[in-house]
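Remarks on the overall topology
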Amino acid sequence: MDISRLDTPLYVPWYRKPERPETPPYTISTLLTSTGAQFKCTACFPWAPESLDILWDGHAAHQPELISSWKITAKKWMGAIAVGGKGRLFVFPKLATGRPFSVALTEPNMQIDNVAWAISSNSPLDPLIVFTVTSVILIFNVNSRSIVGQLRGHGGPITSLSVHPAQPNLFCTTSRDFTTRIYDLALEPVQVPNNPHWLPLLEPSLAGPAHGLHMCEPEGQGIGQCVAVLAGGRSGGHKATVLCSAFHPSQPLIATGGVDRAVKIWRIPPAVFSPPDEPRIAREDKPLFSTDLLHKARVESVYWLADDILVSRSAEALMRKNPDIVQDIYYEEGTGSILVYLHLAWPGYITREGITAVVWQWLSLNRFFPPGKVPQKVMRGTASDYRNSESFKVLSAYHLPMTTPDFHVYRSITHDPILLIPIGKTIRLFNISQFRPRTPPKFPGDDLAYLTDRMQLQEGEGQSPTQGSSRPRAGEDAETTGGPRDDAEDPEDTVADSQKAATTNYPLPAPLAFLFEAIEGWNIDVGPSRGGPTEIPDIAACEVGCDGGVIVGTGDDTLFIWQLQE
């Protein structure tokens, strides 16, 4: 088929156009402010009337009565935005054009840190909002506008919240207690612990949540139950606070990242998808993949881009020049030309940049999940997998400015992965598929002259001393040769000199490029206030909703909504 003969040109979406138009793809449509409330996190209703075909592996799509009712429910709540603030949870229907409602917390000074939409498989027509306050999980039913579940189990504040894309009754929380917990909304909280017996004890263990077991007190009330714990510790888990998690789109896998600079990929225990008759937590302490070689600082975000490709983002890397001086520290710097760029684009901002975004490939997916074969029931990697594995390949890496407060990636089957970076009153958009490969480091073996210059033939190895040398031959002392007798050489100095001569100074790896310079993106601005506040706050967090048609952002007491123009 000759494309040149077509009368109508082929449609090219905005994120694939080679030329950037003057007008941005998204324009501001709504700007809301609240007096006394501070917005921190948002979550857009993630499903559409056709989403029932992929939820719960498509089993719910075979029920005609459920299909018609689901379409009504999805149309009712499409465009709804859940916003977590200080002391209150807000729900804005229809992209904030409908009448909002809220639920107040028992303590007005408490802050909602994370929020997400979920659905219980027992009642799929009742959308739920899961949000966290310190170490407590609350579940809100938007139809009845009431709290239907309250759970606890973490031994520290919860740092992130994520929902399974195909099993919306499963959600995951990470915490400062070094663990990751997976909950099922189709089950009820455990009231009596059911822990295993650990020898030499003859009674159930009372180790508690820190070791991936039930607590001695009731887990909570309403709906929801912890079904799996990815424990931390030296055996293979995180050794510090866990900051982020992401479910795999199709495989029983979940990726996590934390303060220990490690990115880990865990297999979700099979008991999570087939709960036993008696409630028992599935405990896992050895991931299928773990490495701290990707980043030099804490890992704050991780996302799946494909079956074996991920993108992760780390904080600025704090380096030390002199190990003997504690205060002699600095942040890792990248290219120097970003200083002028950022000063011109956003005056007044700190221009040091050390945050890194890395797109990398996990090389062991087919080893654990071979194509066309049933995965093993017992899946356990080797020590080289869960102890700083090198089974990965860096595809692309860039530096980000240190003023970046958030990092969001939107991924869809029919959409290229889009990266959103809020900075000031602007959101920078990038198409991740347009990232360039990282420049490989120069290997010394590529330069024969470099190796030839470093070749030194030691004396006494088939070579006689050169003429005029002051060192005596074997069997002669300094007196017979006419030279002065030297004192005995220090053995430590001899070893140090030999080690210094044998050291090879490899070339440094190529520095990372600055994303804002290397890749052309889009600027999504706030625009005119349209009668809103005189001073618009900076955008602190943002995300994409409505199948890529809407961008929602928050900043202090302001809610921003942009709509796609195409």
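Residues numbered from 1 in each chain as written. Predicted model: local features only at pLDDT ≥ 70, side-chain atom pairs only at ≥ 80, totals over all residues. Heavy atoms only, no water.

Comments concerning the sheet that holds strand E3 (residues 81–85)
- Pairing is antiparallel across the open sheet formed by four strands, whose spatial order is E2-E3-E4-E5. Only two strands of the sheet have a single partner each, and these edge strands are strand E2 (39–44) and strand E5 (101–104). Here the strands of the sheet are splayed against their neighbours by 20° on average, with no regard to which way each runs.
- Bridge count between E3 and strand E4 (residues 88–92): four bridges; the pairing is antiparallel. By the bridge assignment for E4, Ile81 is matched with Phe92. (Pairing = 2+ DSSP bridges. Helix = DSSP H or I, 4+ residues; strand = E, 2+ residues; numbered from the N terminus. Axes fitted to C-alpha atoms, helices over the stretch in contact; angles between N-to-C directions.)

Here we look at the sheet that holds strand E18 (residues 282–284)
- What the five strands build is an open sheet, ordered E10-E11-E12-E14-E18; its pairing is mixed. Because the sheet does not close on itself, it has two edges, and the strands there are strand E10 (158–163) and E18. This sheet shows a mean twist of 20° between the axes of neighbouring strands, independent of strand direction.
- Examined bridge by bridge, strand E12 (residues 180–184) and strand E14 (residues 225–230) share five bridges and lie antiparallel to one another. When the bridges of E14 are listed, Ile182 appears paired with Ala228.

Overview of the pattern of salt bridges
- Counted by the stated rule, this structure contains eleven salt bridges.
- Glu300 serves as the salt-bridge partner of Arg313, at 2.6 Å between the closest nitrogen and oxygen. Linking Arg313 in strand E21 (residues 309–314) with Glu300 in strand E20 (residues 299–304), this pair joins segments that are 13 residues apart in sequence.
- Across the pair Lys425 and Asp538 runs a salt bridge, and its minimum N-O distance is 3.0 Å. One end of the pair, Lys425, is in the loop between strand E27 (415–423) and strand E28 (426–431); the other, Asp538, is in the loop between strand E30 (522–525) and strand E31 (541–545), and 113 residues separate them in sequence. (Salt bridge = Lys/Arg side-chain N within 4 Å of Asp/Glu carboxyl O.)

Digging into the packing of aromatic side chains
- Per the stated rule, a full pass over the model turns up 20 aromatic pairs.
- A ring pair is formed by Phe560 and Trp562, whose centres lie 5.7 Å apart and whose planes are at 20°; its orientation type is stacked. This pair shows no difference in class: Phe560 is buried, exactly as Trp562 is.
- Ring pairs connect the aromatic residues Phe289, Trp360, Trp362, Phe368 and Phe392, which therefore count as one cluster.
- For the cation-ring pair, Lys286 lies above Tyr386, with the distance from its terminal atom to the ring centre recorded as 5.6 Å. (Phe/Tyr/Trp six-rings, centres within 6.5 Å; stacked < 30°, edge-to-face > 60°. Buried < 20%, exposed > 50% of the residue type's maximum accessible area, 1.4 Å probe, protein only. Lys NZ or Arg CZ within 6 Å of the ring centre and 35° of its normal.)

Digging into empty space enclosed by the protein
- Applying the stated criterion to the full structure yields two cavities of 30 Å³ or more.
- Taken as a whole, the largest cavity spans an internal volume of roughly 70 Å³.
- Lining the largest cavity are 13 residues; nearest its centre among them are Val190, His214, Met215, Glu217 and Glu219.
- Classifying every residue of the lining of the largest cavity by side-chain character gives seven nonpolar, two polar and four charged.
- In this structure, the second largest cavity encloses a volume near 30 Å³. (1 Å grid on protein atoms, 1.4 Å probe; cavity = no way out; pocket = protein on both sides within 12 Å on 5 of 7 lines; lining within 4 Å. Points joined across faces, edges and corners; volume = space filled by probe spheres on them. Nonpolar A, V, L, I, M, F, W, Y, C, P; charged D, E, K, R; others polar.)

Focus on the side chain of Asp177
- By the element assignment, Asp177 lies in the loop between strand E11 (170–175) and E12.
- Here Ser175 takes part through its side chain, which lies 3.2 Å from a polar atom of the side chain of Asp177.
- Setting aside residues up to four positions removed in sequence, Asp177 forms contacts with His154, Gly155 and Gly156. (Polar contact = N/O pair within 3.5 Å; in protein donor to acceptor, adjacent residues only side chain to side chain. Contact = heavy atoms within 4.5 Å.)

Comments concerning the environment of Thr426
- Along the chain, the position of Thr426 falls in strand E28.
- It is 5.5 Å that separates the C-alpha atoms of Thr426 and Ile524, two residues lying 98 residues apart in sequence.
- Within the structure, Thr426 has its side chain in polar contact with the side chain of Asp525 (distance 3.0 Å).

Looking at unusual backbone geometry
- With a phi close to 55°, Thr134 is a non-glycine residue in the positive phi region.
- Its location among the elements puts Thr134 in the loop between strand E7 (128–133) and strand E8 (136–141).
- For Arg261, which is not glycine, the phi dihedral falls at a positive 70°.
- Within the element layout of this structure, Arg261 appears in the loop between strand E16 (253–258) and strand E17 (263–267).

Looking at the pairing of E17
- For E17, a buried count of five out of five residues is recorded, marking the element as mostly surrounded by other parts of the structure.
- Residues Val263, Ile265 and Arg267 point to one face of E17 and Lys264 and Trp266 to the other, with burial holding for every one of them.
- Pairing of E16 with E17 involves five bridges; the strand directions are antiparallel. Bridge assignment links Leu253 to a residue of E17, and that residue is Arg267.
- Between E16 and E17, which pair antiparallel and follow one another directly, the connecting turn spans four residues, one of which, Arg261, has a positive phi of 70°.

Some words on the nonpolar core
- By size, the foremost hydrophobic cluster in this structure holds 29 residues, and its most contacted members are Leu89, Val115, Trp117, Ile129, Phe131 and Phe140.
- At the level of secondary structure, the elements contributing two or more residues to this core comprise E2, helix H1 (64–77), E4, E5, strand E6 (112–118), E7 and E8.
- No other element matches the four residues that H1 contributes to this core.
- If sequence neighbours within four positions are ignored, Trp117 has contacts with Ala43, Cys44, Phe45, Pro46, Trp47, Ala80, Ala82, Pro127, Leu128, Ile129, Val142 and Val163.
- Ala246, Trp304, Trp360 and Phe369 belong to the second-largest nonpolar core, a separate cluster that totals 23 residues. (Core = buried A, V, L, I, M, F, W, Y, C linked by side-chain atoms within 4.5 Å.)

Don't take any of this as a statement about function, it's just geometry.
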